[in-house]
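Structural overview for review
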Amino acid sequence: MDLFEPGSGSRFHDFTPGVAPSGLVWTVPIPDAAIVVSQGGKRLDVDVRDLPVIDATPAEVPATVSFQMTWRGRGRARQLGRGTAVPPTDAAAFLGRFFRARARGTFSGAAGSFTFQSNPKRRARSLFAELGTEQTGALLAGAVRCGGCARSGPGDPGSQYGW
Amino acid sequence: MIVRRVSRILVAGGLALATAARAFDGAMPVPVPGGAHLFAPGPTDLQVNPSSIGDFDGTVALAYLKGRAKGGDGHRFLMQDDMRLMTGTYLAADGSSHSGSFAFI
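Residues numbered from 1 in each chain as written. Chains lettered and ligands numbered in written order. Predicted model: local features only at pLDDT ≥ 70, side-chain atom pairs only at ≥ 80, totals over all residues.

The secondary structure content of chain A amounts to zero helices and nine strands. Listing the helices and strands of chain A from first to last along the sequence gives β-β-β-β-β-β-β-β-β. Looking at the 163 residues of chain A, the share that counts as buried comes to 42%. Look at the contacts in chain A between residues 6 or more apart in sequence, and 59% of them connect residues 24 or more apart. (Helix = DSSP H or I, 4+ residues; strand = E, 2+ residues; numbered from the N terminus. Buried ≥ 20, exposed ≤ 12 C-beta atoms within 10 Å, placed from the backbone. Contact = placed C-beta atoms within 7 Å.)

A few words now on the overall build of chain B. When you go through chain B residue by residue, the secondary structure sums to one helix and five strands. Taken from N to C terminus, the helices and strands of chain B fall in the order β-α-β-β-β-β. Across the 105 residues of chain B, 49% fall into the buried class. Here the analysis covers contacts within chain B between residues at least 6 apart in sequence; of these, 52% occur between residues at least 24 apart.

Here strand β1 (residues 2–4) of chain A pairs with strand β4 (residues 76–91) of chain B via three bridges, running antiparallel. Bridged to Leu 3 of chain A within β4 of chain B is Met 79 of chain B. By the bridge criterion, 15 bridges tie strand β3 (residues 56–71) of chain B to β4 of chain B in an arrangement that is antiparallel. Following the sheet pairing, Ala 61 of chain B is matched in β4 of chain B by Leu 85 of chain B. From the end of β3 of chain B to the start of β4 of chain B, which pair antiparallel, there are four residues, and Gly 74 of chain B there has a positive phi angle of about 95 degrees. Here eight bridges tie β4 of chain B to strand β5 (residues 97–104) of chain B, and the two strands are oriented antiparallel to one another. (Pairing = 2+ DSSP bridges.)

Moving on, we get to the nonpolar core. Across soluble globular proteins, nonpolar side chains have a tendency to be buried as a group. Counting 70 residues, the largest nonpolar core has Val 65 and Trp 71 of chain A together with Ile 105 of chain B as its most contacted members. A per-element tally of this core places strand β7 (residues 94–111) of chain A first, with eight residues. Once residues lying within four places of it in the same chain are set aside, the contact partners of Ile 105 of chain B are Met 1, Phe 15, Thr 16, Pro 17, Trp 26, Val 28, Val 53 and Val 65 of chain A together with Met 83 of chain B. (Core = buried A, V, L, I, M, F, W, Y, C linked by C-beta atoms within 7 Å.)

Summarising the model, chain A shows a mean pLDDT of 86, and 86% of its residues fall at 70 or more. Taken as a whole, residues 143–163 of chain A scores under 50 in pLDDT and shows 41 contacts with residues more than four places along the chain or in a different chain. (pLDDT = per-residue confidence, 0-100.)

Another aspect to go through is the interface of chain B and chain A. Listed by partner, the interface residues are 77 residues for chain B and 82 residues for chain A. The set of elements that each furnish at least two residues to the side of chain B that touches chain A consists of α1 (13–18), β2 (37–40), β3, β4 and β5 of chain B. Sort the elements by how many residues they give to the side of chain B that touches chain A and β3 of chain B lands first, with 16 residues. For the side of chain B that touches chain A, the class distribution of residues is 45 nonpolar, 22 polar and ten charged. Judged from the ten bridges that link them, strand β9 (residues 124–136) of chain A and β3 of chain B form a sheet pairing that is antiparallel. Counterpart to Glu 134 of chain A in the pairing with β3 of chain B is Gly 58 of chain B. (Nonpolar A, V, L, I, M, F, W, Y, C, P; charged D, E, K, R; others polar.)

This brings us to the environment of Leu 38 of chain B. Relative to the elements of secondary structure, Leu 38 of chain B occurs in strand β2. When the C-alpha positions of Leu 38 of chain B and Phe 77 of chain B are compared, they lie 27 Å apart, and in sequence the two are 39 residues distant.

So, about the confidence of the model for chain B. All names here are of chain B. Taken over all residues, the pLDDT of chain B has a mean of 82, while the share at 70 or more is 78%. Confidence drops under a pLDDT of 50 for residues 1–22, and excluding neighbours within four residues, the segment shows 57 contacts in the predicted structure. Under the prediction, the complex receives an ipTM of 0.84, its pTM being 0.83.

Residues and elements named next belong to chain A. Counting buried residues along β9, ten of its 13 residues qualify, which places the element largely inside the surrounding structure. As judged from the nine bridges shared by β7 and β9, these two strands associate in the antiparallel manner. Pairing of Arg 104 across the sheet is with Arg 125, part of β9.

This brings us to unusual backbone geometry. The omega angle of the peptide bond from Thr 57 of chain A to Pro 58 of chain A is 5 degrees, so this bond is cis rather than trans. Mapped onto the elements, Pro 58 of chain A comes out in the loop between β5 (43–55) and β6 (61–80). Residues Gly 42 of chain B and Pro 43 of chain B are joined by a peptide bond in cis, for which omega reads -5 degrees. Among the structural elements, Pro 43 of chain B can be located in the loop between β2 and β3. For Trp 26 of chain A, which is not glycine, the phi dihedral falls at a positive 50 degrees. Mapped onto the fold, Trp 26 of chain A is located in the loop between β2 (11–16) and β3 (27–30). Overall, Trp 26 of chain A belongs to the buried group, with 25 C-beta atoms counted inside 10 Å. Despite not being glycine, Asp 55 of chain B shows a phi value in the positive range, around 45 degrees. Of note, Asp 55 of chain B is situated in the loop between β2 and β3.

As structure tokens, then:
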């Protein structure tokens, strides 16, 4: 979660969970109850309050962030990924069923004496968003089945949405 | 497709564990294979894994967001976020199966 100076583009604050020794990047557990999936997987709401992180810029200090967001899927879901047909390190080493989505949210945080709040009247909005289900790695064995999903190959990404 | 290579802060696992959620049993998921990195889907290349955790089966939401924010002192900022949520079943490093929810911030 980055805050930039308008005009210069300089990063003023960087709220992050950091990178774990395992290599897990900027990922932190949140309560299961914070996430609500509804409308057959086409909507997701999340409400997280006072999540401990660090503010890495300009110096590392303990911080908290809160965010409330909504994803709304659009159109039909499509099956994505190539599963075990590609090496595990390949970007397509997953099988999923995803909607293109729109997301909006409000954010706030605190680090020491610094606090911020995103504009509640003009919520932050997505430039790109997607929402769906997927399987990766060792859990690819029970591959996603979705007979009704639109299908497309790697050669025509985004064709369903006219990107 | 952009592969984001990470070379910044290493934070002790204690920070993540300190945020233990109600259903979280303390077993952290494994990263996406290939080292400290993740993939960045969209807007044109969708054949890209959006999850920040490996060995996962569940719901994933990803959004690249842009907005405005104001500091407590009135200073105005531009805000850019890559936010991802994962909720479902995952394997820990020892291969054991767990359920939980995670935010990539």
